[in-house]
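Remarks on the overall topology
Listed below are the residues making up each chain.
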Amino acid sequence: MLTPIAIAIGVNIVIKSALRTFKGGDIKMKKVPLIYIVVGVVSVLIGIVSRLAMMPILGLESRAFAGFAALCFLLAIAISVKKD
């Protein structure tokens, strides 16, 4: 089973490779935290739906979606602070 950390690492790799492809190798670090925030919000919404329906979505409980959202928000904060 994939852990939220493994999923976040995979999302990070996909985001960076997509930005390299579309921008000719130039990664716009301003967009990466925004993408993480959007992914986190979507994860929170899916978790709320899972909690209200009282059933797992994609085999994951609402708690897993909340953990992944928290990790996305932390990554967005860390990247925002780190950028020069």
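In this convention, every chain numbers its residues from 1, walking through the sequence in written order. Residue-level local features of this predicted model are given only where pLDDT is at least 70; pairs of side-chain atoms are given and counted only at 80 or more, and the full residue set underlies all totals for whole chains, interfaces and linings. For the side-chain quantities, the full set of heavy atoms in the structure was used; hydrogens and water were omitted.

**So, the overall build of the protein**
Working definition: helices are DSSP H or I runs of at least four residues, strands are E runs of at least two. Numbering for both runs from the N terminus. When you go through the protein residue by residue, the secondary structure sums to three helices and zero strands. Overall, the protein shows an N-to-C arrangement of helices and strands of α-α-α. Out of the 84 residues belonging to the protein, those deemed buried represent 21%. Here the accessible surface of atoms and residues is derived via Shrake-Rupley with a 1.4 Å probe, and residues count as covered only by protein chains that are part of the display. Of the roughly 5,900 Å² of accessible surface on the protein, 73% is carried by carbon and sulfur atoms. For the exposure calls, accessible area comes from a 1.4 Å probe over protein chains only, and a residue counts as buried if that area is under 20% of its type's maximum, exposed if over 50%, partly exposed in between.

**Digging into helix H2 (residues 31-53)**
Here a helix's expected span is defined as the number of its residues, less one, multiplied by 1.5 Å. For H2, built from 23 residues, the straight-helix expectation of 33 Å at 1.5 Å per residue is met to within 8% by its first-to-last C-alpha distance of 33 Å. Once H2 ends, the next one or two residues include Met54, with phi positive near 55°.

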